[in-house]
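Observations on chain architecture
The chain contents come next:
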Amino acid sequence: MITHALKIAFRNFKRHKSSFLINIVGLSTGLACALLIFLWVNDETHIDKFHETDDRLYYVMEHQQYSESIMTTTSTPGLLAETLVEEIPEIEYGTTLIWENDYTLTVGDKNITAGGRHAAKDFFKLFSFDLLSGNPDQVLVEPQTVVISKSIAENLFGSVEAAMNQSIERNHDELFKVTGVFEDVTERSSIQFDLVFNYEDYKEENAWLRSWGSNGPPTIITLNQGADPQKVSDKIANFVKDRNEQSNVTLFLKPFSERYLYGSYEDGQPAGGRIEYVRLFSIIAIFILVIACINFMNLSTARASRRAKEIGVKKAIGAARGNLIAQYLQESTLIAFLSLIIAVVLVVLFLPTFNLLTDKEIILRVTPQLLAFFLAITLVTGLLAGSYPALYLASFQPVAVLKGELRTSLGELWVRKGLVVFQFTLSIILIVAVIVVYNQIQYVQSKNLGYDKDNLIYFSKEGRLNEQGEAFMEQAEQLPGVKMVSALGHNLVGRQNNTSGLNWDGKDPEELILFEHVRVDYDLLETIGVEFKEGRSFSREFGADSSKIIFNETAINIMGLEDPIGKKIRLWDQYDMEIIGVVKDFHFQSMRQEVKPLFFRLAPDGAWNVMVKTEPGKSREAIAGLRKFYEEFNPGFAFDFNFINEDYAAQYEAEQRVASLSRYFAGLAILISCLGLFGLAAFTAARKKKEIGIRKVLGATVSNIVLLLTRHFTELVIVSIIIGLPVAYFLTKGWLEKFAYRIDLSPTFFVLASIMVLLISLMTVSFQAFRAANISPKECIRNE
């Protein structure tokens, strides 16, 4: 039975080559897109899931209550982890984890730069980072110890075994003993590092980590087996307030592996995160598959007359309706599985390019789960694509078919039209989305930030620069191509150092306002090119500017100060500061957020980044000179620098990838839709062949024939546009609302998308129409 069905299927494929090829190309392309998206979604949803303690591993996060809003953060007091473990019996282990910093490592004559973190002693007991050598209970117990990656061990010592108990010099001034070696951190970890130092050393050097009034490093814990995370979360809610009466912090637990996808909060409430893009591309994959399935349905039902007699004969000799349905579903499923083979080949071919677009290292590993998904999605595609044609063909009446009385019903026409409209509605939505996302990204990349981000590079102070930074900057400023040099304790991208410890005359004692705090050296504001609304900058000419302060416009407005120049501010109840200037607002966060209150304070010792402004068009010359001078001034340290404009652009990395991927997928959706339209147009032209011949004999021109054949399809595309544009408007409007600064939804976007779809569909149909219109009338009616 199955062999018989397969023979019939292959005979039909051979007989109707054009339909078969269109279906194969459409389904294989749709399946390839779906498989690539599945691999990406699978990778995204497995970030941080490899830890054995995943179901018990939690971030301890903070809701910080301010007068106007609630800020949610992973920044916590440096004493939190150890105190929680001591006082909360439901907590098994806890660690404090300092953000990653680059360090220069020296062994003998070898110097390398690597990213390192400081972590508390239980770090390797919380996480499943594989220790190749060393005891997880002991590696971070002693002071001046370090655990290094396998790559670092092999680079500096030749092997894992040779590295144990050896000494590494950090930044040419401290020695650390290697107490362990771990396997290189997988790309599926949201925490990346090459080295782990003892947190107690870092805490000893930084007094603020020993205060309950300061926040900074994340705290991560594991719960004991059977502990209720919600009860623990409720229990620790006021843990910081109990130790600091002035605290505005409420603690709560967040599953560690969830934060990668669900990391966004607005006013204390979860607001999605990367999961939104996972959902978006999952929907796109479904859309593309559905479009490919619609092609199959339309072509199968449109060409039903070619199989009508086969069905009539089978029914006349006793074939049951169920058997016929099964046969046509087998055919559609067979096409789907043939398409799967081609799709897998396409995935293998395009996976390297896809990895470049998504910044992933996805590898196509055939696992039972992956194989099951591939087979399941192919089976569903085959059944979905073949369901309507199978039911439709099996419903033919044998008497009517054998008499040649097969007629196209009104319902069938409406279904076919509806499927075409649905296809192009999805396509128009995707095209509008691509146009809007592209223009928003262009807007945020080109918008005036309030400072000049171009030709700005920065690098951290290391070695001699920590003691002789001023001498270095003075000499660096004389180098060819260098315009200005200064320093700051920030990189102007994102919130990095903030405080609510400011008081001024007229302030409500109950009011809490969070200010971004930027420590700067002389000439920093001139180097980055911020504009002053009033007042002056820090200047050596005045001598005592360390007790002066400069705010942005937003800060002054929130503080309610009129004529602020000369007014006094009390900082942390320790320092009396005088306002000497107000700068115009500039963006130091992404365009998703409104500009926040900020102040600059002259504090060269806290300005850990050197900022260099190069002459326009001379950046390469300036960087070459800086590199040479840096290596001479600071031997043994690598000159690693960053461009401010690249750091700024990186804030929109996710949106840029979405825009790039969306362009490709929208193009494929249109391609698949047009393939179906091409097939339907070819079939329509063939069916109207004799009508075309008669019309040409009666004097119809080529343009008359083309209009006859294209009008019907053009009407369907116009209906798709009418339906799709409002849907696209509301979807893109919702996405844009996530940005505090955004483009307006211009009618041009929708007109452009409509014109694109109309032109592409017209070109597709017109090819077949012109071909049919140019056939000789004699050729059209010779069989009459």
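The structure reproduced in this document is the subject of the present report. (Residues numbered from 1 in each chain as written. Predicted model: local features only at pLDDT ≥ 70, side-chain atom pairs only at ≥ 80, totals over all residues. Heavy atoms only, no water.)

1. Focus: empty space enclosed by the protein
Over the atoms rolls a probe the size of a water molecule, and its path tells where empty space is left. Operational definition: Both cavities and pockets are sets of points on a 1 Å grid over the protein atoms alone; in a cavity a 1.4 Å probe fits but cannot get out, in a pocket the set is open with protein on both sides within 12 Å along at least five of seven lines, and lining residues sit with an atom within 4 Å of a point. Grid points are joined across faces, edges and corners, and a volume is the space filled by probe spheres set on the points. In DSSP terms, a helix is any run of H or I states spanning at least four residues, a strand is any run of E spanning at least two, and both are numbered starting from the N terminus. Gly falls in the polar group here, along with every residue not listed as nonpolar (Ala, Val, Leu, Ile, Met, Phe, Trp, Tyr, Cys, Pro) or charged (Asp, Glu, Lys, Arg).
Counted according to the given criterion, the structure contains six cavities of 30 Å³ or more. Residue lining of the second largest cavity: Trp40, Glu44, Arg274, Tyr277, Phe281, Thr358, Lys360, Ala654, Arg657, Val658 and Leu661, and that is the complete set. Sorting the residues of the lining of the second largest cavity by element identifies helix H2 (17-45), helix H9 (275-302) and helix H20 (653-687) as the ones contributing at least two each. The greatest single-element share of the lining of the second largest cavity, amounting to four residues, is contributed by H20. By residue class, the composition of the lining of the second largest cavity is six nonpolar, one polar and four charged.

2. Points about a nonpolar patch on the surface
How we decide: Patches draw on residues past 30% relative accessible area with no salt bridge. Two like charges within 9 Å are joined, as are two nonpolar side chains (Val, Leu, Ile, Met, Phe, Trp, Tyr) within 5 Å. Accessible surface is estimated by sampling points in the Shrake-Rupley manner with a 1.4 Å probe; for residues, cover comes only from the protein chains shown. By definition, a salt bridge exists where a carboxyl oxygen of Asp or Glu is found within 4 Å of a side-chain nitrogen of Lys or Arg.
A surface patch of nonpolar side chains, amounting to about 410 Å² of accessible area, comprises Ile341, Val345, Leu349 and Phe350. By secondary structure assignment, the location of phenylalanine 350 is in helix H11 (residues 321-358).

3. Quick look at the packing of helix H15 (residues 465-476) against helix H18 (residues 619-633)
Rule in force here: For every element, the axis is a line fit to its C-alpha atoms; helices are fit only across the contacting stretch, and the angle between N-to-C directions ranges from 0 to 180 degrees. Helix crossings get a hand from a simple test, with the near helix turned counterclockwise from the far one by less than a right angle marking a left-handed crossing and a clockwise turn marking a right-handed one. Residue contacts are defined here by distance: any two heavy atoms, one from each residue, within 4.5 Å place the two residues in contact.
One can describe the packing of H15 onto H18 by two numbers: an axis separation of 12 Å at closest approach and a directional angle of 145°. Where H15 crosses over H18, the handedness of that crossing is right-handed. On H18, the residues touching Leu465, Gln468, Phe472, Gln475 and Ala476 of H15 are Leu626, Phe629, Tyr630 and Phe633. Per-class residue counts for the contact of H15 with H18 are seven nonpolar, two polar and no charged.

4. Looking at the pairing of strand S12 (residues 249-255)
If a strand is regular, its side chains alternate between the two faces of the sheet. What counts, and what does not: Whether a residue is buried, partly exposed or exposed follows from its accessible area with a 1.4 Å probe, protein chains only, as a fraction of its type maximum: under 20%, in between, or over 50%, in that order. By definition, two strands form a pair when at least two bridges between them are found by DSSP.
Burial analysis of S12 places five of its seven residues in the buried class, the great majority of the element. Sheet topology note: the strand S1 (residues 57-65)/S12 ladder contains seven bridges and is antiparallel. Opposite histidine 63, over in S12, you have threonine 250 as the bridge partner.

5. A few points about the nonpolar core
To keep things clear, this is the line we draw: As used in this record, nonpolar core signifies buried Ala, Val, Leu, Ile, Met, Phe, Trp, Tyr and Cys residues forming a set joined through side-chain atoms within 4.5 Å.
Judged by nonpolar contacts, the single largest core of 104 residues is most densely connected at Tyr451, Phe586, Phe600, Met611 and Phe665. Setting aside chain neighbours within four positions, we find tyrosine 451 in contact with Leu456, Leu492, Ile528, Gly529, Val530, Phe586, His587 and Ile644.

6. Some details on the layout of surface pockets
Roughly 520 Å³ of internal volume is contained in the second largest pocket. Along the wall of the second largest pocket there are 21 residues; nearest its centre are Leu280, Ala433, Leu731, Thr732 and Trp735. Broken down by secondary-structure element, the contributors of at least two residues to the lining of the second largest pocket are H9, helix H14 (410-446), H20 and helix H22 (702-736). The element best represented in the lining of the second largest pocket is H9, accounting for seven residues. The residue inventory of the lining of the second largest pocket, partitioned by class, reads 15 nonpolar, three polar and three charged.

7. Observations concerning the side chain of serine 149
Within the element layout of this structure, serine 149 appears in strand S7 (residues 145-149). The buried category is assigned to serine 149, whose relative accessible area is 2%. Those residues within four positions of serine 149 in sequence are excluded, and the remaining contacts are Val181, Phe182, Asp184 and Asp194.

8. Regarding unusual backbone geometry
At histidine 172, a residue that is not glycine, the phi angle is positive and equals roughly 60°. Structurally, histidine 172 can be placed in the loop between strand S8 (167-170) and strand S9 (174-182). Of the residues examined, histidine 172 reaches a relative accessible area of 28% and is grouped as partly exposed. At leucine 492, a residue that is not glycine, the phi angle is positive and equals roughly 70°. Within the secondary structure, leucine 492 is located in the loop between strand S16 (482-488) and strand S17 (498-499).

9. As for the pattern of salt bridges
Under the defined criterion, the tally for this structure stands at 27 salt bridges. Among the salt bridges present, the one from aspartate 523 reaches arginine 540, with a minimum N-O distance of 3.3 Å. Of the two residues, aspartate 523 sits in the loop between strand S19 (515-520) and helix H16 (524-528) while arginine 540 sits in the loop between strand S20 (532-535) and strand S21 (548-552), which places them 17 residues apart along the sequence. Overall, the relative accessible area of 47% leaves arginine 540 in the partly exposed class. Members of the salt-bridge network, linked through shared partners, are Asp43, Glu44, Arg188, Arg274 and Lys360.

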